[in-house]
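# Fold and contact review
This is what each chain is made of:
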Amino acid sequence: QWQQQGVSPWLHGLTGVGAMRGIELRHPAYGTHTSVMSYVLKQARERGLLLMPSGKHRHIIRLLPPLTIEPETLASGLDILKEVLAAIPNEAPKP
């Protein structure tokens with residue numbers, strides 16, 4: 001849904017099944033870049049959301065919420081994640 005809304009050109013796709021998912025960050029022109037994940041992790045942490053990178057190139061945000069998570073807590077975390085993804089600069093990452 002976020003891809004269709006155009007939240008960020010860095011949103012490439014989802015990985016995984018069930019509750020264990022990953023959001024792949026890959027720009028159509030710039031590919032993957034560790035500085036983008038660093039930016040996402042830092043911005044999310046400053047807003048109170050802890051994320052974990054995954055994948056061979058550390059370009060996937062791992063999502064594995066507890067099965068007992070309150071719906072309001074899940075919605076709040078997803079709102080923060082959406083804000084952070086929307087704020088990723090749409091430019092070539094700096095090395």
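Conventions adopted
Residues numbered from 1 in each chain as written. Predicted model: local features only at pLDDT ≥ 70, side-chain atom pairs only at ≥ 80, totals over all residues. Heavy atoms only, no water. Phe/Tyr/Trp six-rings, centres within 6.5 Å; stacked < 30°, edge-to-face > 60°. Helix = DSSP H or I, 4+ residues; strand = E, 2+ residues; numbered from the N terminus. Pairing = 2+ DSSP bridges. Expected span 1.5 Å × (residues − 1). Buried < 20%, exposed > 50% of the residue type's maximum accessible area, 1.4 Å probe, protein only. Contact = heavy atoms within 4.5 Å. Axes fitted to C-alpha atoms, helices over the stretch in contact; angles between N-to-C directions. Core = buried A, V, L, I, M, F, W, Y, C linked by side-chain atoms within 4.5 Å. Salt bridge = Lys/Arg side-chain N within 4 Å of Asp/Glu carboxyl O.

## Regarding the packing of aromatic side chains
In the structure shown here, the tally under the stated rule is 1 aromatic pair. Centroid distance Trp10 to Tyr30: 6.2 Å. Interplanar angle 35°. Geometry classified as tilted. One end of the pair, Trp10, is in the loop between α1 (2-5) and β1 (11-17); the other, Tyr30, is in the loop between β2 (20-25) and α2 (34-46), with 20 residues separating them in the sequence.

## Section: the pairing of β2
Direction of pairing for β1 relative to β2: antiparallel, over a ladder of 6 bridges. Across the sheet, Leu11 pairs through a bridge with Leu25, a residue of β2. Following β1, the chain reverses through 2 residues before pairing antiparallel with β2; Gly18 in that reversal takes a positive phi of roughly 60°. Examined bridge by bridge, β2 and strand β4 (residues 60-63) share 4 bridges and lie antiparallel to one another. Residue pairing across strands places Ile23 opposite Ile61, the latter belonging to β4.

## Thoughts on α2
Three- or four-residue spacings in an α-helix give side chains the same orientation, since the helix completes a turn every 3.6 residues. Over its 13 residues, α2 extends 18 Å from the first C-alpha to the last, a length consistent with the 18 Å expected when each residue adds 1.5 Å. Turning to α2, its buried residues number three or more, namely Val36, Met37, Val40, Leu41, Gln43 and Ala44. As for α2, its buried residues are in contact with β2, β3 (52-54), β4 and α3 (71-86). Remark: Gly48 follows α2 within two positions and exhibits a positive phi of approximately 95°.

## Observations concerning the sheet that holds β4
Note: strands within a sheet are paired through backbone hydrogen bonds, in either parallel or antiparallel orientation. Taken in spatial order, the 4 strands make up an open sheet running β1-β2-β4-β3, and their pairing is antiparallel. Looking at strand neighbours, the two that pair on one side only are β1 and β3, the edges of this open sheet. The average undirected angle you get between the axes of adjacent strands in this sheet is 35°. Contacting β1, β2 and β4, α3 crosses the sheet at an angle of about 175° to β4.

## Section: the nonpolar core
Core analysis: the biggest nonpolar cluster contains 18 residues, and Leu25, Ile61 and Leu85 have the highest contact counts within it. Counting residues per element, this core draws most heavily on α2, which supplies 5 residues. Look past the residues within four positions of Ile61 in its chain and what remains in contact with it is Arg21, Gly22, Ile23, Leu25, Met37, Val40, Leu51, Met52, Leu81 and Leu85.

## Some details on the pattern of salt bridges
Counted under the stated rule, the structure contains 3 salt bridges. The residue Lys42 makes a salt bridge to Glu46 at a minimum N-O spacing of 3.2 Å. Here Lys42 and its partner Glu46 are both found in helix α2, 4 residues apart, which amounts to about one turn of the helix. Across the pair Arg47 and Glu83 runs a salt bridge, and its minimum N-O distance is 3.6 Å. Taken together, the residues span a long stretch of sequence, with Arg47 in the loop between α2 and β3 and Glu83 in helix α3 at a distance of 36 residues. In this structure Glu83 comes out as partly exposed when scored by relative accessible area, which is 46%.

Fair warning: the whole summary comes from geometry, so function is off the table for now.
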